[in-house]
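# A look at the structure
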There are 2 protein chains.
Amino acid sequence: MTLDFWFDFSSPYAYLASTQIDGIAARTGATLRWRPMLLGAVFKEVGQVSVPMAAASPAKQLYYVQDMARWATWWGVPYRFPSAFPIRSILPLRTFLAYEALGLGDPLPFARAVYHAAWAEDRDITDPDVLRACGAPEAALAAAPEMKQALIDATSAAVAAGVFGAPTCIVDGTWLFWGQDRLDMVEKCLNGWVPPA
Amino acid sequence: MTLDFWFDFSSPYAYLASTQIDGIAARTGATLRWRPMLLGAVFKEVGQVSVPMAAASPAKQLYYVQDMARWATWWGVPYRFPSAFPIRSILPLRTFLAYEALGLGDPLPFARAVYHAAWAEDRDITDPDVLRACGAPEAALAAAPEMKQALIDATSAAVAAGVFGAPTCIVDGTWLFWGQDRLDMVEKCLNGWVPPA
């Protein structure tokens, strides 16, 4: 079975899910694909506010901040809310796409390092030097500006697949699950559970 | 430890949680209180749209409908999205409060029956005859109009406690959890887990 993991480095909940997704694929034998998208553009496309957290009521905003920290503790992963939010993720997303376009090897170690830098170490992932420290090859950084259309296309593919938020997991091109809080269902689905239609 | 379960009969996710909450209290030895509130008034108070589902993008609305059915299957509980939505819950909520005000006994069998009628049988819980079939005593139904202020007060208490949605669980007056998808955390918290501040 396939597991598409739609992500944007700007999403705290996608970071949290990213710490679990490889394990889920390993345990279930699923073919995992990390699929980048520009979340802000997805929101625009589906007719949603661009920073949902900023649009929430004060009580809900406070809750989200607590909730993210709880999930990090729940899974035992490092986490720190960044000093600058929302995070601008265009450069690392384009760099990720350049990996694939130029055949520079597996981009996942880079992706995991970028997530860690942004959401555990409060480092500025708009800074090319930070991306270098995350393992980005010079060729990928140099090609990033040419990946503008590739990122637009990747984002359109997300919307076409029914994605409206991050993280989104799609099992076998059929079952869409939104959120780090649906990963138990994702794993069960990969183990043969057929959700109701 | 105490477990406050803030609910409104109008909320599908609160219905789903209501099928689990008694078991959680039983397993953990928590003192459970079902606490009614008028969710629409809570939304108004905290500055949120009155029917979040109706305000969501089409893709997200479709997802919510699937997601609710998935949770019902996940927990093996009956579920059917009602033919009339949103559900007007003022009468059953006031009837619930009348139980307490008049000392008519434990209102929980009534509450569970109302939830089942609304979310498993698509019955009209604005109809007093349906509430009678759910076990409402005549005295509670007769006193329901006098419970207007009591429901306003209960709703204010919810907002004062930090509630902004349904279902909300509050453990020991301290830890607030929003959603049927946080019940694992609620149970862990009742078993001694201290969430990060």
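What this report covers is the structure whose coordinates are included nearby.

Basis of the calculations
In this numbering scheme, every chain counts its residues from 1 along its sequence in written order. Numbering of ligands from 1 and lettering of chains from A proceed in the order in which they are written. Given that this is a predicted model, residues contribute local features only at a pLDDT of at least 70 and side-chain atom pairs are listed and counted only at 80 or more, while totals for whole chains, interfaces and linings are drawn from all residues. Each side-chain value is derived from all of the structure's non-hydrogen atoms; neither hydrogens nor water enter the calculation. In this description, contact between two residues means that some pair of their heavy atoms is separated by no more than 4.5 Å. Buried area: the sum, over both parts, of the accessible surface (1.4 Å probe) that disappears when the two are put together. A pair is scored as a salt bridge if a Lys or Arg side-chain nitrogen falls within 4 Å of a carboxyl oxygen belonging to Asp or Glu. Any pair of N or O atoms that falls within 3.5 Å is considered a polar contact. Within protein, one atom must be able to donate a hydrogen and the other to accept it, and sequence-neighbouring residues count only if both atoms are side-chain atoms. Put simply, DSSP marks the helices as runs of H or I at least four residues long and the strands as runs of E at least two long, and each gets a number from the N terminus on. Per-residue accessibility, obtained with a 1.4 Å probe over protein chains only, is compared with the maximum for each type, and a residue is labelled buried under 20%, exposed over 50%, and partly exposed between these values. At least two bridges found by DSSP between two strands is the condition for calling them paired. A clockwise path from the first strand over the helix to the second, with the strands pointing away from the viewer, defines a right-handed crossover.

## Some points on the interface of chain B and chain A
- Contacts between the two partners involve 29 residues from chain B, matched on the other side by 29 residues from chain A.
- Of the roughly 2,800 Å² buried where chain B meets chain A, counting both sides, 62% is carbon and sulfur surface.
- The three residues of chain B that bury the most area against chain A are Tyr 63, Arg 70 and Trp 74 of chain B, which together make up 24% of that side's buried surface.
- At the boundary of chain B and chain A, one finds four salt bridges.
- One salt bridge in this structure joins Arg 182 of chain A and Asp 67 of chain B, with 2.8 Å as the shortest N-O distance.
- For the pair chain B and chain A, the number of links is eight residue pairs in polar contact (both at pLDDT 80 or more).
- Of all the secondary-structure elements, those providing two or more residues to the side of chain B that touches chain A are α4 (58-75), β4 (175-178) and α10 (183-190) of chain B.
- Sorting elements by how many residues they give to the side of chain B that touches chain A places α4 of chain B first, with eleven residues.

## Considerations on the pattern of salt bridges
All names here are of chain A.
- Within the structure shown, the criterion is met by 22 salt bridges over all chains.
- Of the charged contacts, one joins Asp 22 and Arg 112 as a salt bridge, the two residues approaching to 2.8 Å between their closest N and O atoms. Of this pair, Asp 22 sits in helix α1 (residues 12-28) while Arg 112 sits in helix α6 (residues 108-119), placing them 90 residues apart in sequence.
- According to the relative accessible area criterion, Asp 22 is partly exposed, its value standing at 24%.
- For Asp 181, the salt bridge is made with Arg 182, and the minimal N-O distance between the two is 3.3 Å.

## With respect to the pairing of strand β2 (residues 31-36) of chain A
Residue and element names in this part refer to chain A.
- When strand β1 (residues 2-7) meets β2, the two strands line up parallel, connected through six bridges. In the strand pairing of β2, Phe 5 is matched with Trp 34.
- At this point the chain moves from β1, through α1, to the parallel β2, and the crossover so formed is right-handed.

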